[in-house]
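Fold and geometry: a report
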Amino acid sequence: MKAVWRRATIRWSLGLTACIVIGFIINHLLAVILLFLLGTLYWQLYQLYQFHYWLRHSGRGAPPESDGIWGDIFDVVYRLQKKQRKSKRRMRQALTRIEHSTAALKEGVIMADNQGNLEWWNNSAGHFLGLMRPVDRGQPITNIVRNPEFFRYFTQKRFGEPLIIKSPAKEGVYLEIQTTLYDKNDHLIFIRDVTRLHLLEEMRKDFVANASHELKTPLTVIKGYLETLEMFQDSLPASMQKGIANMSEQSERMEHLIEDLLLLSRLESNDKREEEHWHEVSSWAEAIKKIASPLLTDAHSLDIDIPEKARLYGSYNELYSAFSNLVVNAIKYSPDGGEIKVKWESNEFSGVFSVADQGLGIDPRYIPRLTERFFRVDKGRSTKTGGTGLGLAIVKHVLMHHDAKLQILSELNRGSRFSCHFPANRVRTDDIPTFPAIDESNFDKEPIEKD
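Source: prediction; values computed, not measured.

Our next topic: helix 9 (residues 281-292). With 12 residues, helix 9 should cover 16 Å at 1.5 Å per step; its first-to-last C-alpha distance of 17 Å lies within 8% of that length. Buried within helix 9 are the following residues: Val281, Ser282, Trp284, Ala285, Ala287, Ile288, Ile291 and Ala292. Among the structural elements, strand 6 (277-280), strand 7 (300-305), strand 8 (311-314), helix 10 (316-332), strand 9 (338-346) and strand 10 (350-356) are those in contact with the buried residues of helix 9.

Shown next, in the form of structure tokens:
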């Protein structure tokens, strides 16, 4: 680079020196120098014209012939253009490979901008959602997938968990949608056909519901005969009396298990849900006191702190089942006594119903699995307390129906705190009308424990 400029400088200096000498000889120094400068300017303008003309015609041909600095400029720009064309060709080939590979995927892939407008999708996504090119390109995805659940999922950016919906284009097909944000909040959407898994899950639910329902009849007959035998147990041998007592206890436990399986099946399938209304949170406190009283010992104390004006919107019986489960669990898993605190707190963002105890506590490694059906931290402990392992599964599904979340904090031998977090739109503190509970028969039912 320096050599080119050095040669150009030397050449220009020699030309100027020659013009000065000629000017002195012919006695027209200024005129000769002016002609030299004009010639130099013309040459530069001509080279600039060639350069501009070459670039305007895409620069695909060979660069103009020149030497010196302009020749070097032409060569450098030409090499850069060739390098750029190679890079573009490699990039185009890579994009083509990506498009071909994603087109071959069985899973659907969609790219949308930060407003949710469709930019690109593969063949599987078009098949699942009925997308058509180029008509749907640039359209908001919420206009294509007209599903209330998907609209809430996408507009509220609930991307933490996948969403399962029916395919808008294929009858009987269920899709799992998972969205990831990237770059400037653009959307990368993955779609998977989960019809088989959905049907298996529905089959499982139907089997549990039907089996539980069918078991009620023989169990009722067995309990009836056991009650008859208990009436005459004084005339029976001692060994038979003990057996009848054990059978009665286990049949009672089986009855609780069947009732809770049926309840969990109804919650999972959303069948026969009662209408939601505004209720006073304190009304649940009175019902909880009634169910908790027989379980409390002299070593226990139940402290309920719920403001009178606190209101919660939802299904009374479902929420009663969830709240009472948490309170009864706190009592049963505090065998050495201690204080059980039931509290309601609310602010402009949420309302929280919490139950804290000073009982056995839970190892933190087991906390993520507590809401699984039949999960038990200690099988022997659950046998002593009479639990079925469905309590927190019921609590989880009730809270899901009410757009709420369950938070569990616990420490071994220090106690636990279970908190139900409700969104702001379900919480009020003013004196709005409330709807009375309609099914007080549930008060006498013993909820399921957290084991």
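Resuming the write-up.
Right, let's talk about the sheet that holds strand 6 for a bit. Spatial strand order, 6-8-13: three strands in an open sheet with antiparallel pairing. The two strands at the open ends of the sheet, each matched to only one other strand, are strand 6 and strand 13 (427-428). The pairing of strand 6 with strand 8 spans four bridges and is antiparallel. Bridge pairing links histidine 277 to glycine 314 in strand 8. Seen against the sheet, helix 9 touches strand 6 and strand 8 and runs at an angle of roughly 60 degrees to strand 6.

One open sheet accounts for five strands, arranged 2-1-5-4-3; its pairing is antiparallel. Each of the sheet's edge strands pairs with one partner strand only, and the pair in question is strand 2 (118-121) and strand 3 (163-166). Between one strand axis and the next, the sheet turns by 25 degrees as a mean value, whatever way the strands run. Bridge count between strand 1 (residues 108-112) and strand 2: three bridges; the pairing is antiparallel. Following the sheet pairing, isoleucine 110 is matched in strand 2 by tryptophan 121.

Attention shifts here to the nonpolar core. If you look at the biggest cluster of nonpolar residues, it comprises 46 residues, and the most contacted ones within it are Trp284, Leu312, Phe323, Trp344, Phe353, Val355 and Phe422. For this core, the elements supplying multiple residues, two or more each, are helix 8 (238-269), helix 9, helix 10, strand 9, strand 10, helix 12 (391-401) and strand 12 (415-423). Of all the elements, helix 10 adds the most residues to this core, at 10 residues. In this view, phenylalanine 353 contacts Ile288, Ile306, Phe323, Val342, Lys343, Trp344, Phe418, Ser419, Cys420 and Phe422; residues no more than four positions away in its chain are not counted.

Here strand 3 shows one buried face, formed by Leu163 and Ile165, and one open face, formed by Ile164 and Lys166. Strand direction decides the pairing type here: strand 3 and strand 4 (residues 174-182), joined by four bridges, are antiparallel. Within strand 4, the residue paired with leucine 163 across the bridge is isoleucine 177.

Three- or four-residue spacings in an α-helix give side chains the same orientation, since the helix completes a turn every 3.6 residues. Its 17 residues place the ends of helix 10 24 Å apart at the C-alpha level, agreeing with the 24 Å of an ideal helix rising 1.5 Å per residue. Counting buried positions along helix 10 yields 17 of 17 residues, so the element is predominantly enclosed.

So, on to the pattern of salt bridges. Opposite charge on two side chains permits them to pair, given that their charged atoms come into close proximity. Summed over the entire model, instances satisfying the criterion amount to nine salt bridges. The salt bridge partner of glutamate 176 is arginine 192, with a shortest N-O separation of 3.0 Å. Separated by 16 residues along the polypeptide, glutamate 176 in strand 4 and arginine 192 in strand 5 (residues 186-193) bring together distant segments of the chain. Look at arginine 192 and you get partly exposed, because its relative accessible area is 33%. Note that lysine 343 and glutamate 345 form a salt bridge whose closest N and O atoms lie 3.6 Å from each other. Taking relative accessible area as the criterion, lysine 343 reaches 33% and is therefore assigned partly exposed.

Packed helix pairs are specified by the crossing angle of their axes together with the interaxial distance, meaning the distance between the axes. Closest axis-to-axis distance for the helix 2 (residues 29-56)/helix 3 (residues 68-103) pair is 11 Å, and the angle between their directions is 10 degrees. On the basis of their axis angle, the class for helix 2 and helix 3 is roughly parallel. Where helix 2 approaches helix 3, its residues Gln44, Gln47, Leu48, Gln50, Phe51, Trp54 and Leu55 are matched on the opposing element by Trp70, Ile73, Phe74, Val77, Tyr78 and Gln81. Among the residues making up the contact of helix 2 with helix 3, the classes are represented as nine nonpolar, four polar and no charged.

Right, let's get into a nonpolar patch on the surface. Residues Leu34, Leu35, Leu38, Leu41, Leu45 and Leu48 make up a contiguous nonpolar surface patch of roughly 600 Å² in combined accessible area. Mapped onto the elements, leucine 48 comes out in helix 2.

Mapped onto the elements, leucine 37 comes out in helix 2. On the accessibility criterion, leucine 37 (41% relative accessible area) is partly exposed. Along the primary structure leucine 37 and lysine 289 are separated by 252 residues, whereas in three dimensions their C-alpha atoms are 106 Å apart.

Counting across every chain of the model gives 20 aromatic pairs. Arranged with centres 6.4 Å apart and planes meeting at 45 degrees, the rings of phenylalanine 51 and tryptophan 54 form a pair that is tilted. Taken together, the residues span about one helical turn, with phenylalanine 51 and tryptophan 54 both in helix 2 at a distance of three residues. A single burial state applies to phenylalanine 51 and to tryptophan 54, both of which are buried. A network of ring pairs unites the aromatic residues Trp284, Tyr316, Phe323, Trp344, Phe353 and Phe422 as a single cluster.

With that settled, the discussion passes to the pairing of strand 10. Of all seven residues in strand 10, seven are buried, a share of seventy percent or more. Burial of strand 10 is two-sided: the residues Ser350, Val352, Ser354 and Ala356 facing one way and the residues Gly351, Phe353 and Val355 facing the other way are all buried. Sheet analysis places strand 9 next to strand 10, joined by six bridges and oriented antiparallel. By the bridge assignment for strand 10, lysine 341 is matched with alanine 356. Connecting strand 9 to the antiparallel partner strand 10 that follows it, the hairpin turn spans three residues. Taken together, the seven bridges between strand 10 and strand 12 define a ladder with antiparallel strand orientation. Considered in strand 12, the bridge of serine 354 is made with serine 419.

Definitions and limits used
Residues numbered from 1 in each chain as written. Predicted model: local features only at pLDDT ≥ 70, side-chain atom pairs only at ≥ 80, totals over all residues. Heavy atoms only, no water. Helix = DSSP H or I, 4+ residues; strand = E, 2+ residues; numbered from the N terminus. Expected span 1.5 Å × (residues − 1). Buried < 20%, exposed > 50% of the residue type's maximum accessible area, 1.4 Å probe, protein only. Contact = heavy atoms within 4.5 Å. Pairing = 2+ DSSP bridges. Axes fitted to C-alpha atoms, helices over the stretch in contact; angles between N-to-C directions. Core = buried A, V, L, I, M, F, W, Y, C linked by side-chain atoms within 4.5 Å. Salt bridge = Lys/Arg side-chain N within 4 Å of Asp/Glu carboxyl O. Parallel < 35°, antiparallel > 145°, perpendicular 65-115°, else oblique. Nonpolar A, V, L, I, M, F, W, Y, C, P; charged D, E, K, R; others polar. Patch = residues over 30% accessible without salt bridge, like charges linked within 9 Å, V, L, I, M, F, W, Y side chains within 5 Å. Areas by Shrake-Rupley, 256 points an atom, 1.4 Å probe, with all protein chains shown as cover. Phe/Tyr/Trp six-rings, centres within 6.5 Å; stacked < 30°, edge-to-face > 60°.

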